[in-house]
Amino acid sequence: MASLSEQSRVRELFDSMTLGVVRSLEKKPGVTDVRLLDRQPAEKHIIFTWEQKNMCILPEDLKSFYLTTNGLLIQWSIKFDGSVLPLGKMELNPVAGMVLLSKASSISDDKPSLADLDTDSDEEDDQGHIKPHFDSRCKVFELDPCDGHGKVCLVYKDIKAGVTNSQPEIWFLDRSLEWSFLASCFTDYFRMMIVHLGLPLWQYLFTATGLSPETKQWFNLYAPTRLAIDMANVDQQVQQKPSTPEGNQSATNLPFNALDVNRLFKGKTDKGKSKQSQVKKPPVGKTQNPSQGRPGQPGRSGPR
């Protein structure tokens, strides 16, 4: 069993990783039982084995995350009508849980697969992002199972001879098998997950379906400012034309906290550097914007 000092150190690390979301949740009225599952860092050979097996290189930000903690699980509940109701959940699969979503079926297969539902042509979303394919043109890995309400996926495109050199994107696959673009990199998705507090089905905000009335009520209670920002951003994107540079925007062009992944995900075993050595002085003639959050601390646009 870990000592109190070890538990405190781990808590500080995860609090830094999640931009203080755990402490922020604990201060919200009605919130109770905020749980953070402690996971050890993934060993390098596990990541290397995954890359060799799937013939894909993990992006540096995601690799740094796994070298800090092999997955993530934060759950929180609320006091509701005299009982405790589980509500929020922020989850990222461990390395072993990032399994290939589907494989193209061969001609001899008798049963249909997801690849049989695919089209030969490339389809774009409203923002000009080419949607993933279920066949051999893409490799799709599950990043978050979303409790069966959809899947957040790490998508590699431009597969040639089973290998790709392109950087993966983060997409959401809903239960109707429709794709919705979420982020161009893991870091952007990570902060999206944090600022939306893991509220139920928050990913549907970036789909054509939109949020359910029940989810909107939870947002109005626990993240009203975030909902207002997201809705305003969605309305702005609808009004813009995809053919213009301004129209080619992703769902992540929101006022999030700035993250320095190299400083944020250092691993639980990193030691030795003093606080003074970690402080970087701003360049001459430039001052830091006080409204911008520093890595590991929630800024003004952090979780509410």
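These remarks concern the structure in this document. The residue numbers shown here count from 1 along each chain, following its written sequence. pLDDT decides what is reported in this predicted model: residues at 70 or higher carry local features, side-chain atom pairs at 80 or more are listed and counted, and totals for whole chains, interfaces and linings draw on all residues regardless. Side-chain metrics rest on all non-hydrogen atoms present in the structure, leaving aside hydrogens and water.

## Side note on the packing of aromatic side chains
Stacked, tilted and edge-to-face are the three classes assigned to paired rings of Phe, Tyr and Trp, where Trp is represented by its six-membered ring and a pair needs centres within 6.5 Å; plane angles under 30 degrees give stacked, over 60 edge-to-face, the rest tilted. As enumerated under the stated definition, the model contains 14 aromatic pairs in all. On the numbers, 5.0 Å between centres and 75° between planes, the contact of Phe 172 with Tyr 204 is edge-to-face. Taken together, the positions of Phe 172 in strand E6 (residues 169-174) and Tyr 204 in the loop between helix H5 (186-195) and helix H6 (213-222) put the pair 32 residues apart, joining distant regions of the chain. Here the term buried applies to any residue with accessible area under 20% of the maximum for its type, exposed to any over 50%, and partly exposed to those in between, with areas from a 1.4 Å probe on protein chains only. Taking the relative accessible area as the measure of exposure, Tyr 204 reaches 12% and is therefore buried. Judged by centre distance (5.8 Å) and plane angle (25°), the ring pair of Tyr 189 and Trp 202 falls under stacked. Here Trp 202 lies in the loop between H5 and H6 and Tyr 189 lies in helix H5, a separation of 13 residues in the sequence. Like Trp 202, Tyr 189 is buried. Each helix is a run of DSSP H or I of at least 4 residues and each strand a run of E of at least 2, with the numbering of both proceeding from the N terminus.

## Here's the deal with helix H4 (residues 60-68)
It helps to recall that an α-helix has 3.6 residues per turn; residues three or four apart then point in one direction. Counted residue by residue, H4 has seven buried out of nine residues, so it is predominantly covered. Considered for burial, the residues of H4 that qualify are Asp 61, Leu 62, Lys 63, Ser 64, Phe 65, Tyr 66 and Thr 68.

## Looking at H6
Taken as a whole, H6 has its buried residues at Thr 215, Trp 218, Phe 219 and Tyr 222. For H6, the angular spread of buried residues about the axis comes to 100°, placing them on one side. H6 presents Pro 213, Gln 217 and Leu 221 as exposed residues on the side facing more than 90 degrees away from its buried surface. Our arc is simply the arc of the directions from the helix axis toward the C-beta atoms.

## Details of the sheet that holds strand E2 (residues 72-80)
Strand order across the open sheet formed by three strands is E1-E2-E3, with antiparallel pairing between neighbours. Only two strands of the sheet have a single neighbouring strand rather than two, namely strand E1 (31-36) and strand E3 (83-92). Averaged over all pairs of adjacent strands, the angle between their axes in this sheet comes to 15°, without regard to strand direction. Two strands are said to pair when DSSP picks up at least two bridges between them. By the bridge criterion, nine bridges tie E2 to E3 in an arrangement that is antiparallel. Across the sheet, residue Gln 75 finds its bridge partner in E3, namely Lys 89. Axes here mean lines fitted to C-alpha atoms, for a helix over just the part in contact, with angles spanning 0 to 180 degrees between N-to-C directions.

## Observations regarding the packing of H4 against H5
Contact pair H4 / H5: the axes reach a minimum separation of 8 Å and the direction vectors enclose 60°. Viewed along their axes, H4 and H5 adopt a mutual orientation that is oblique. Contacts from Asp 61, Leu 62 and Phe 65 in H4 reach Phe 186, Thr 187 and Phe 190 in H5. Basically, the charged four are Asp, Glu, Lys and Arg, the nonpolar ten are Ala, Val, Leu, Ile, Met, Phe, Trp, Tyr, Cys and Pro, and anything else, Gly included, counts as polar. Residues belonging to the contact of H4 with H5 are distributed by class as follows: four nonpolar, one polar and one charged. Orientation categories follow fixed angle ranges, with anything under 35 degrees roughly parallel, anything over 145 roughly antiparallel, 65 to 115 roughly perpendicular, and all other angles oblique. Note on definitions: a residue-residue contact is assigned when non-hydrogen atoms from the two residues lie within 4.5 Å.

## Comments concerning unusual backbone geometry
With a phi close to 55°, Asp 147 is a non-glycine residue in the positive phi region. With respect to the helices and strands, the residue Asp 147 is situated in the loop between strand E4 (139-144) and strand E5 (150-156). Judged by its relative accessible area of 51%, Asp 147 falls in the exposed class. Of note, the phi angle at Asp 158 is positive, near 55°, even though the residue is not glycine. The topology assignment puts Asp 158 in the loop between E5 and E6.

What is shown is where atoms sit, not what they do.
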